[in-house]
Structures are given as structure tokens and as C-alpha cells.
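Descriptive structure summary
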Amino acid sequence: MTLFVVLLVFMIIGSIIAIEARNLLSAVISVGAVGFALSIGFLLLGAPDLAITQIVVEVIALILLIRGTISLDNTAIEKHRDTFAVISTLVFLGIFLVFGYVALQDMPKLGDPLMKVSQGYLQTGLQKTGAANIVMSIVLDFRGYDTLGEATVLFTSILGAFVVLRRRGRKRKEEKDRARVGIPGDL
Amino acid sequence: MRGMTLIVKTVVRIVSAFIVLYGIYIILYGHLTPGGGFPGGVIVAAAFILIMLAYGKEIALKRFGDRSASLLDNFGALGFLVIALLGLTGGYFFFNFINKGQPFRLVSAGTMPLSNIAIGIKVLACLYAVFVALAIFGRAVHRVERGDLKGGEER
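Since the model is a prediction, treat every value here as computed from it, not as a measurement.

Calculation criteria
- Residues numbered from 1 in each chain as written.
- Chains lettered and ligands numbered in written order.
- Predicted model: local features only at pLDDT ≥ 70, side-chain atom pairs only at ≥ 80, totals over all residues.
- Helix = DSSP H or I, 4+ residues; strand = E, 2+ residues; numbered from the N terminus.
- Buried ≥ 20, exposed ≤ 12 C-beta atoms within 10 Å, placed from the backbone.
- Contact = placed C-beta atoms within 7 Å.
- pLDDT = per-residue confidence, 0-100.
- Core = buried A, V, L, I, M, F, W, Y, C linked by C-beta atoms within 7 Å.
- Domains from an automatic or database assignment.

1. Observations concerning the overall build of chain B
Along its length, chain B carries 5 helices and 0 strands. Taken from the N to the C terminus, the helices and strands of chain B come in the order α-α-α-α-α. Among the 155 residues that make up chain B, the fraction classed as buried is 40%. Within chain B, contacts between residues separated by at least 24 positions form 65% of all contacts whose residues are at least 6 apart in sequence.

In C-alpha cells form, the structure reads like this:
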């Protein structure tokens, strides 16, 4: 448990560094460190499926973000703060902490859930689905509908990325196009 | 993006096949050990991304182009949906219509390995497509906007 708290503090510090770093590359690297610490946290909580997914997705996301930040020209971002933003952030952070403390009083302890629905899955999962990995029997059998929704979300987002970033069918704007959509002149 | 040095290329040539093999293992044994379609697909996609980073976009796109990536993406998504719809033959959506077999065997758990394979194909194609779209298309678009090359022309 002490290790878990140390991991949580490390993740919070990494997130603050990721927000505050002026260099985009170091911000991306600290985001990656937070992700790897999160995967170790999943392992400590006994969720190897989530740990594998987290660590693999983190590597891919790190590659994508580093390629994205290296190709940018300006790696340093301008720092600008106004007093109103800082004060409202602090006020809402305080409200969030108070309500979080009140809400967490009634929550079950970490790693000790209520087990009303999941108890049935754990007891009858192997007989009903025949899958040795109980996580897969929930994800693909008991809750297959959710997985279908997740696959649809992924599919739609990739479709959107292809449509926005494609190179085929992309051409310069011409005068007749402007006339057709009703925006004449140079805008 | 013309590729990296000879050392990186040699290492990638040896290692990438093993990464693909490991991803396929994670996909196929998803119903027995931790893993499944999503992490396995991401691992296979990471192997292709590694090839693209090491060898440059021309060689990687010749092996696995963006058109075939989007085709595989559609194929995986439709395959998962078809497996779900075939459950209607046994009664309801997502019914596990194949015989469950003996637990702890590779061929067991009915439709679950098939769903894992479909999701794995979908995820590997779609993450590779994201990388192609962000790393390749984006640059071409920037150059079109700067005026280095004419619109409509292939890069």
C-alpha cells in the first residue's frame, strides 16, 4: 500500500510537471512517465489486462506525440496568467476537494468493492462462457454490447481522421469554388 | 523521413517479426491469459510503426498502404458485428452460439476467440492508419498550404 501511495504522488508530480513544463517535448515525456506509473498501479491492484493495455497504448501515444511535437516549429509555449483564472481555479479546486472528501466517506474502501453484480460473474463465469480469463468473458460475452460500442467509437474516430487528414481529393481553393459556396473575394 | 541508420534497420528487421508474433499470441490467447484483442492489435500496430520509423514511409507504405489499412479496419469492425449478429440464430444479440468446449483449451469459449481476432485486426489497422494519417498526411497538407506542391498532386 505504501508503494501505491508513492506511485500516486509520483503521478501527481508528473502531471504537474507536464502542465507546467515550457518545453513541449519534456511535457510529453512526463505524460509518458505518468502513464507507465499508472500501468504499474494497475498491476498492484491486480488488473494485468488493464496494465498490458495501458503500457502498450502509452508507448504508441508517446511515439505519436513525440513525432507531432518534433515536427512543430515552436517547442516553447508562451506563459500567460491572469489573476481571475488563478483565483477561480483555486476556488473550484477547493470546492472539488471538499465535495470529494464528503463523497468519499460513503465509498467502499479501495480494493474492497461491493461485489453485487460481479459476484455472480465471478462464480458462474467459467461455467457459462467457458473462458479461463474472466475479464474476457465479461468484456466479450456478458457485456459484449459495450465492447461493440467501443469498437464503433474507435472506427468512427478513425473515419473522421481519414476524412480530415486525407491527401486524395484535396485541392487548392479556386474562384469558382468560392462563388459556388457564396463567399466571393479573398478571405 | 528517409529512414534511420543501418544499425536501427538491422535490429528492426530482426525484431519486428518477433513483435508481430507476440501480438498474435496475445490476441489468440486472449480468452486464457491476460491480454485480448485490443492490446494484441496495438502490439502488432507498434511493429508496423517501428518499420515505418526505421525504414521510411515509402517502404512501409509499399508493404502496408493506407488503403489496405482502412480496408482491414472496415473488415475487422464488420467481422465483430457479424459475429454479434450471428448470435441471433441462437436467440439474441451476442449469443455465444458455438459450442463452449473444454475450459483452459485454446479452442474453447465459443465465439470469444473469433471476436478477439476481429477486434485485433480492427485495432491494428486503425492505429496504423492513425499513425499514417498524422505522420504522413499532415506533412503533405502543410506543404500544400505553404505552396511547395500543387494541390491534388501525390505528395
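2. What to know about the interface of chain A and chain B
Listed by partner, the interface residues are 37 residues for chain A and 50 residues for chain B. For the side of chain A that touches chain B, the secondary structure elements donating two or more residues are helix H3 (48–70), helix H5 (117–129), helix H6 (134–142) and helix H7 (144–165) of chain A. It is H3 of chain A that contributes the most residues to the side of chain A that touches chain B, 12 residues altogether.

3. Brief notes about the confidence of the model for chain A
For chain A, the average pLDDT comes to 81, and 80% of its residues sit at 70 or higher. The least confident element of chain A is helix H8 (residues 175–181) of chain A, whose mean pLDDT is 67; the most confident is helix H4 (residues 83–104) of chain A, at 91.

4. Here's the deal with the nonpolar core
Of all hydrophobic cores here, the largest spans 46 residues; its most connected members are Ala45, Phe48, Leu127, Tyr128 and Ala129 of chain B. At the level of secondary structure, the elements contributing two or more residues to this core comprise H3 and H7 of chain A together with helix H1 (6–28), helix H2 (37–55), helix H4 (66–86) and helix H5 (112–146) of chain B. No other element matches H5 of chain B, which puts 15 residues into this core. Taken together, domain 1 (1–74) and domain 2 (119–167) of chain A each give at least three residues to this core, which thus spans both. Residues contacting alanine 129 of chain B, with those up to four places away along its chain left out, are Ile158 and Phe162 of chain A together with Asp66, Ala69, Ser70 and Asp73 of chain B.

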